[in-house]
Every structure is written in structure tokens, then in C-alpha cells.
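# Understanding the architecture of this molecule
Listed here are the chains, written in short residue letters.
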Amino acid sequence: MSLGVLNNIAATYAANNLSNTQTSLQNVLTQLSSGSRINSGADDAAGLSLANGLQANQSALTQSASNVSLGVGLLQTADGALSQVNNLLNRAVTLATEAGNGTLNASQTGAANQEYQSILAEINSIGATTTYNGQAVFGAQTGTATAPATADFSIYTSDGSATGTSTDTLSIAQLSSASVGDTGGVVASATTGNGITYTVGTDTDLSTTSLSSSANAQTALTAINNAISAVAAQRGYLGSQINTLNSIASVETTQSENLASAENSIMATDYTQATSELSKYQILTQTGISALAQANSTQQAV
């Protein structure tokens, strides 16, 4: 056997293997401490790219569900206001029926008409002052029964991709004594992209009605009944959209859960495997240090 000290090949091999073992041990400890299998692009570049994409989709879906919740709140606010309008109209029916009987004297007719005009004023007030997040729920107080003004609210949902994006436009007709309710509106698919749109129909004008006489009261009663039907139709539209948005939110929540599960399968540390590798690299570290010491000690023979 030849002896030399120029190169200690055994020690070099032992040192290289020990360095590789230390690198692997560090990676395992990082995985165990962070709970994530991928902590840098060097760990799994393809897996990291896929996981980041899933995270982006999940973030978009989570915010979309929040957007939908805000839309539901808007619709519920409008529905609550219309519920109060319906109560007022029911009282107006009673007054118009009473005034239309022709048995009231002038003073009594005047009192009935005064309360009726107060009801119309309150409808105007509800339409003008009902807001959601600082925005008028029932739009500008202009327009006519055949061409009502509207407030349009776009509910934007997305999973972060072009195909998973939808914009649903909620159109809420104005509310005033000149424009009560909404009948004949049409729900249709958006003309561009995904989503739905709503075209407001016609409403009922009560602003010119009065209970100043029996004949006027009977005419007003017909208009009030039409207004009640129009309010019911509008509340039906609002209710259907609340159900639609709740369904959208449910789908997005399910999608988000599935994406989270997929991301977890890619990113999460497998503790069974990681703890096994920890034991392996700890043993290799100990044996590597011992081997390096033995390799260095062989030079003492020279």
C-alpha cells in the first residue's frame, strides 16, 4: 500500500457527502418548521407556480363572495323599503275606499285626502332617502311611468380568469309617488361576456291622484291597486336576484374550498415522510462526521 499526504481523497468524499447531508437536513427542518413542502423555487418550481396560481384563484373567489354579500345587502335594503311602501299603499286603499263611498262630508273628505297626500309624500321620502353605502338605492328622482330612471349596480365576480368572470347588473327602478313599483321588466343574459342584465319595465303614477271627491277616490283606488301589484312585481324581482346571488356565493365558496384543498396537497409538508427523512439525515450527519474524522486520521499513518 502506498502512502501520501498530497490529497486526502477519502476526506474529500466524506466532506462532500457531509455537506450534501447538511443541505438535505436543512431542507427537511425548514419543511417541518414552516409546514410547507415548497419554501423556494428550488424546492419544486412547477409545484410553486401551480400553487401560486391556485392561491390567486382562491383570493379572487373569496373577494367575489364578499362582493355578492354586498349585493345581497343592497337588494335586501331595497326590499325592506318597498315593504314599507306596501304598508302605506294598504292604508291608502282603506282611505280611498272610504272616500269613494260618497257619504263623507267635505270636512271628512278633506281629512282623508290630507292623509292620502301625506302617504304620497312619505313614498317620495322613502325613494329619496333610502341609501346603501352612501348610494341612492332607487336612483335619481326623475323620470316618468313609461320611462323611469334607474339605479344600476354591477356585481362583479371572478376566479381570476377571463372565463370565470361574470358581471351581473342590478337595475332598481326609481321610487316616488310618480313612479311606484316595476312591472314588465326583463332579465336576460349580458350582451357581452358572462352575467345577467335587467331591463326595467313600467310603473304606476300616483302623483296626480287625490281623494278630494268620491269620483276621484274611486279613480285613485284603481291606481293604488295597480301600484300594489307593481310593488309586488318589483319585490319579486329583488327576491329572485337575492336567491341568484346566494347561489353564486355558494358556488364560489365551494370552488374556494376545492382550490384550498388542491393547494394544500401541493404545498403542505408530509410530516410522515419528513420526520422519516429527518431521522435519516441526522444519522447520516453523525456517520459523516465520524467518517470525515476517520479519513483525516488515516494520514497519521504517514
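Residues numbered from 1 in each chain as written. Predicted model: local features only at pLDDT ≥ 70, side-chain atom pairs only at ≥ 80, totals over all residues. Heavy atoms only, no water.

### Thoughts on the overall build of the chain
Helix and strand counts for the chain come out as 5 helices and 8 strands. Reading the secondary structure of the chain in the N-to-C direction produces α-α-α-β-β-β-β-β-β-β-β-α-α. On C-alpha atoms alone, the chain measures out to a radius of gyration of 37 Å, which is more than a quarter above the 19 Å that the 2.2 N^0.38 rule sets for 302 residues. The C-alpha extent of the chain, read off along each of the three principal axes, is 135 × 35 × 25 Å. Buried residues in the chain amount to 37% of all 302 residues. By element, 52% of the accessible surface of the chain is carried by carbon and sulfur atoms, the whole surface being about 15,600 Å². Of the charged side chains in the chain, 4 are positive and 17 negative, and the gap between their average positions amounts to 10 Å. (Helix = DSSP H or I, 4+ residues; strand = E, 2+ residues; numbered from the N terminus. Rg over C-alpha atoms; globule rule 2.2 N^0.38 Å. Buried < 20%, exposed > 50% of the residue type's maximum accessible area, 1.4 Å probe, protein only. Areas by Shrake-Rupley, 256 points an atom, 1.4 Å probe, with all protein chains shown as cover. Lys, Arg positive; Asp, Glu negative; His and termini not counted. Charge placed at Lys NZ, Arg CZ, Asp CG, Glu CD.)

### Regarding the packing of aromatic side chains
Summed over the entire model, instances satisfying the criterion amount to 1 aromatic pair. Ring centres of Tyr198 and Tyr237 lie 3.7 Å apart, and the angle between their planes is 15 degrees; on these two criteria the pair is classed as stacked. Of the two residues, Tyr198 sits in strand β7 (residues 196-199) while Tyr237 sits in helix α4 (residues 214-267), which places them 39 residues apart along the sequence. The residues Tyr198 and Tyr237 share a single accessibility class, namely buried. (Phe/Tyr/Trp six-rings, centres within 6.5 Å; stacked < 30°, edge-to-face > 60°.)

### Notes on the pairing of strand β4 (residues 166-173)
Counting buried positions along β4 yields 7 of 8 residues, so the element is predominantly enclosed. With 8 bridges joining them, strand β3 (residues 150-157) and β4 adopt antiparallel strand pairing. Residue pairing in the sheet places Asp152 in a bridge with Ser171 of β4. (Pairing = 2+ DSSP bridges.)

### Re the environment of Ile123
Here Ile123 is to be found in helix α3 (residues 106-129). On the accessibility criterion, Ile123 (0% relative accessible area) is buried. With 53 residues separating them in the primary sequence, Ile123 and Ser176 have C-alpha atoms 5.7 Å apart.

### So, the packing of helix α2 (residues 45-99) against α3
Viewed as axis vectors pointing N to C, α2 and α3 meet at an angle of 165 degrees, and their least axial separation amounts to 10 Å. Relative to α3, the element α2 is oriented roughly antiparallel. Crossing geometry of α2 relative to α3 is assigned as left-handed. Together, Ala81, Gln84, Val85, Leu88, Leu89, Arg91, Ala92, Leu95 and Ala99 of α2 and Ala112, Glu115, Tyr116, Ile119, Glu122, Ile123 and Ile126 of α3 make up the contact between the two elements. Tallied by class, the residues present in the contact of α2 with α3 amount to 12 nonpolar, 1 polar and 3 charged. (Axes fitted to C-alpha atoms, helices over the stretch in contact; angles between N-to-C directions. Parallel < 35°, antiparallel > 145°, perpendicular 65-115°, else oblique. Left-handed = near helix turned anticlockwise from the far one by under 90°. Contact = heavy atoms within 4.5 Å. Nonpolar A, V, L, I, M, F, W, Y, C, P; charged D, E, K, R; others polar.)

### Considering the side chain of Ser210
Of note, Ser210 is situated in the loop between β8 (202-204) and α4. Taking the relative accessible area as the measure of exposure, Ser210 reaches 18% and is therefore buried. Only 3.1 Å separates the side chain of Ser210 from the side chain of Ser212, close enough to count as a polar contact. Ignoring anything within four residues of it in the chain, the contact list for Ser210 reads Asn113, Tyr116, Gln117, Asn216, Ala217 and Ala220. (Polar contact = N/O pair within 3.5 Å; in protein donor to acceptor, adjacent residues only side chain to side chain.)

### Things to note about helix α5 (residues 271-297)
With 27 residues, α5 extends 39 Å between its outermost C-alpha atoms, agreeing within 8% with the 39 Å of an ideal straight helix rising 1.5 Å per residue. Among all positions in α5, only Ala274, Leu278, Tyr281, Thr285, Gly288 and Ala295 are buried. Residues of α5 that are buried in the fold lie against α1 (9-34). (Expected span 1.5 Å × (residues − 1).)

### Overview of the pattern of salt bridges
Taken as a whole and judged by the stated rule, the model has 2 salt bridges. The salt bridge partner of Asp79 is Arg235, with a shortest N-O separation of 2.9 Å. Within this pair, whereas Asp79 is found in helix α2, its partner Arg235 is found in helix α4, the two being separated by 156 residues in sequence. Accessibility expressed as a relative area gives 27% for Arg235, which makes it partly exposed. Notably, a salt bridge pairs Glu115 with Arg91, separated by 2.8 Å at the nearest N-O pair. Here Arg91 lies in helix α2 and Glu115 lies in helix α3, a separation of 24 residues in the sequence. (Salt bridge = Lys/Arg side-chain N within 4 Å of Asp/Glu carboxyl O.)

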